[in-house]
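Coordinates in review
What follows is each chain in one-letter form.
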Amino acid sequence: MTVLAQTQDSRRIRFAETHVTEAAQEAVARVLESGWLSTGPEVTAFEAEFAGLVDASYAVATSSCTAAIELALRALRLAPGSRVLTSPLTFCGAVHAIVHAGLRPVLVDIDPTTLMPGPEEVARAVQLCGGVEAVVVVHLAGHPAPVAEVAEAAGLPLARIVEDAAHGPGIRVGDRTVGAISAATCFSFYATKNLPIGEGGMLTTDDPAMASTVQRLRLHGMSADAWRRYLPGGSWRYTVEDAGLKANMSDVSAAIGRAHLREFRHWQERRRQLAARYRAALSSVPGLVLPDDPIDGTHSWHLFVVRVTPEFGSSRDELFDRLAAAGIDCSVHFIPVHHFPYFRTVVDASTLDHLANTDMVAEQLLSLPLHPHLEDADVDRVCEAISDCHHTSAVGGAASRTAP
Ligand SMILES: *Cc1c(COP(=O)(O)O)cnc(C)c1O
């Protein structure tokens, strides 16, 4: 078709792209020259700046968002084996974190319109499993999750909620910035995320006890990190009172993070524009369900996830392949965790047969290319390729209906 012919000479549209800014490269060179590569003054400065970005009192930098979630759960000091509710439509690492914290994941079905568990689904799952001690709430794709309503439906205070904001920063629930709504909020600086470093994470909170516990737990449970011990007047002495992780951030990473923070608002604005362009061009394609634009809050547009329903005429897999052939890379977020054999052995079994909405949408989800370096023309090309696929499937469908 025309799309296929065009692609021979047009640029491949990547699902995500990471551009390390010149300022970030200069900042890395400065840190390398300083000779201090591990957790030090850059991390401290990055933590302060990031806390400001998300309106939190404290920010603790970690090696990943996965580690931040595990550390937050460990800091809650729940009894071993306590049940922790979470969405099956999330990244596997977020559920591994629950397991590694010595706790038992309970999966709760999603609302197909937001792709996240709502209060009704949560109340039902809690009834099925007999109660949970904590919830990991994911703001999927960057859509604000109803954190307070979920906590209430689970019968828990906000102090027992951990937010997975790997698809932020830049999310608001109502007029509250996601960062200090619950006990701890966990962010990712993985290469494709909204504030990319390559690898890294951050835990933010308003609770000083949570912040100081995680500060120790991220570095072997030691009472003072190396930077503090070598500061003038610092002591070589430290104590260990907990089984900590090795999950600190290096000053090299923090330097990239600080430089990219300066681009963040501009990158977010670009994501918002591109999402609006997708919406305008795709809203009339039959059978394609577009992501909800939150009425109450702010979407960070980490992902633009559409649902390819039967009315579209082609399956998600067919559309994915057609777009790939047209030089357009898409992705799928996510394969539900209970579709992986490992998780079926570790999650609480009581809700496993009650995940029908998740199973239904799992075959329909498609994440379109979205990153701040896309051109308007790239979005137009993606939308044309999708419309093309719909039209040719519609013709094929009509032909097959006339067959005997
Ligand atoms: C990327 C991601 C994570 C993990 O982030 P890392 O920093 O790579 O550990 C966790 N949850 C969700 C929803 C993610 O997309």
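Rules behind the numbers
- Residues numbered from 1 in each chain as written.
- Predicted model: local features only at pLDDT ≥ 70, side-chain atom pairs only at ≥ 80, totals over all residues.
- Heavy atoms only, no water.
- Salt bridge = Lys/Arg side-chain N within 4 Å of Asp/Glu carboxyl O.
- Helix = DSSP H or I, 4+ residues; strand = E, 2+ residues; numbered from the N terminus.
- Buried < 20%, exposed > 50% of the residue type's maximum accessible area, 1.4 Å probe, protein only.
- 1 Å grid on protein atoms, 1.4 Å probe; cavity = no way out; pocket = protein on both sides within 12 Å on 5 of 7 lines; lining within 4 Å.
- Points joined across faces, edges and corners; volume = space filled by probe spheres on them.
- Nonpolar A, V, L, I, M, F, W, Y, C, P; charged D, E, K, R; others polar.
- Pairing = 2+ DSSP bridges.
- Axes fitted to C-alpha atoms, helices over the stretch in contact; angles between N-to-C directions.
- Contact = heavy atoms within 4.5 Å.
- Right-handed = clockwise from strand over helix to strand, strands pointing away.
- Phe/Tyr/Trp six-rings, centres within 6.5 Å; stacked < 30°, edge-to-face > 60°.
- Left-handed = near helix turned anticlockwise from the far one by under 90°.

1. Some words on the pattern of salt bridges
Tallied over the entire structure, the rule returns 16 salt bridges. One salt bridge connects Glu47 with Arg218, and the closest N-O pair in it is separated by 2.9 Å. Here Glu47 is found in helix H3 (residues 41–53), whereas its partner Arg218 is found in the loop between helix H8 (208–217) and helix H9 (226–230), with 171 residues between them in sequence. The exposure classification of Glu47 matches that of Arg218, with both residues buried. The salt bridge involving Asp348 is made with Arg83; its shortest N-O contact spans 3.8 Å. Linking Asp348 in the loop between helix H13 (341–346) and helix H14 (356–362) with Arg83 in strand E2 (residues 83–86), this pair joins segments that are 265 residues apart in sequence. Judged by relative accessible area, Asp348 falls into the buried class, the value being 10%.

2. Quick notes on the layout of surface pockets
The volume enclosed by the largest pocket comes to roughly 530 Å³. The set of elements that each furnish at least two residues to the lining of the largest pocket consists of helix H4 (65–75) and helix H5 (92–100). The computed volume of the second largest pocket comes to approximately 390 Å³. Around the second largest pocket, the lining comprises 22 residues; the ones closest to its centre are His143, Pro144, Ala145, Pro146 and Asp296. The class makeup of the residues in the lining of the second largest pocket is 13 nonpolar, four polar and five charged.

3. Thoughts on unusual backbone geometry
Glycine aside, residues mostly have negative phi, and peptide bonds are mostly found in the trans state. The peptide bond linking Gly168 to Pro169 adopts the cis configuration, its omega dihedral lying at -5 degrees. With an omega of 0 degrees, the peptide bond running from His333 to Phe334 counts as cis. You will see that Asp55, though not glycine, has its phi angle at about 55 degrees, which is positive. Inspection of the secondary structure assignment puts Asp55 in the loop between H3 and strand E1 (58–62). The backbone phi angle of Arg77 is positive, close to 55 degrees, even though this residue is not glycine.

4. Some details on the sheet that holds strand E3 (residues 104–107)
Strand pairing in a sheet relies on backbone hydrogen bonds, with the paired strands running either antiparallel or parallel. With mixed pairing, the seven strands of this open sheet are ordered in space as E1-E9-E8-E5-E4-E2-E3. Of all the strands in the sheet, just E1 and E3 have a single pairing partner and so form its edges. When the angles between neighbouring strand axes are averaged without regard to direction, this sheet yields 25 degrees. Packed on one face of the sheet, H3 meets E1, strand E8 (184–188) and strand E9 (201–205) and runs near 130 degrees to E1.

5. Remarks on the pairing of strand E5 (residues 161–164)
Where burial is concerned, the two faces of E5 agree: the one with Ile161 and Glu163 and the one with Val162 and Asp164 are both buried. The pairing of strand E4 (residues 134–138) with E5 spans four bridges and is classified as parallel. If you follow Val138 over to E5, its bridge partner there is Asp164. Read as a crossover between parallel neighbours, the route from E4 over helix H7 (residues 147–153) to E5 is right-handed. In terms of strand pairing, E5 meets E8 through three bridges, oriented parallel. By the bridge assignment, Asp164 is partnered in E8 with Cys186.

6. Digging into the packing of aromatic side chains
Under the definition given, this model contains 10 aromatic pairs. Both rings, one in Phe46 and one in Phe189, keep their centres 5.3 Å apart while their planes meet at 50 degrees; by these two values the pair is tilted. A residue pair is termed long-range when its members are at least 10 positions apart, and Phe46 in helix H3 and Phe189 in the loop between E8 and E9 qualify at 143 residues. Overall, the relative accessible area of 0% leaves Phe46 in the buried class. Its relative accessible area of 0% is what places Phe189 among the buried residues. Measuring from ring centre to ring centre gives 5.1 Å for Tyr342 and Phe343, while their planes differ by 70 degrees; the resulting arrangement is edge-to-face. Chaining the aromatic ring pairs together yields one cluster made of Phe46, Phe50, Phe187 and Phe189.

7. What to know about the packing of H4 against H5
Any two packed helices are characterised by how steeply their axes cross, that is the angle between the axes, and by the distance between the axes. In the contact formed by H4 and H5, the axes pass within 8 Å of each other and the chain directions differ by 35 degrees. Crossing of H4 over H5 shows right-handed handedness. Listed contacts from H5 to Thr66, Ile69, Glu70, Leu73 and Arg74 of H4 are Gly93, Ala94, Ala97, Ile98 and His100. Considered class by class, the residues forming the contact of H4 with H5 number five nonpolar, three polar and two charged.

8. Some details on the sheet that holds strand E12 (residues 304–308)
Across the sheet, which stays open at both edges, the three strands sit in the order E10-E12-E13 with antiparallel pairing between neighbours. Bordering the open sheet on either side are strand E10 (288–289) and strand E13 (365–368), each of which pairs with just one other strand. Across four bridges, E12 lies against E13 in antiparallel orientation. Among the inter-strand pairings, Arg307 is bridged to a residue of E13, identified as Leu365. Here helix H11 (residues 264–282) sits on the sheet in contact with E10, E12 and E13, set at roughly 20 degrees to E12.

Remember, this is a structural readout, not a statement about activity or role.
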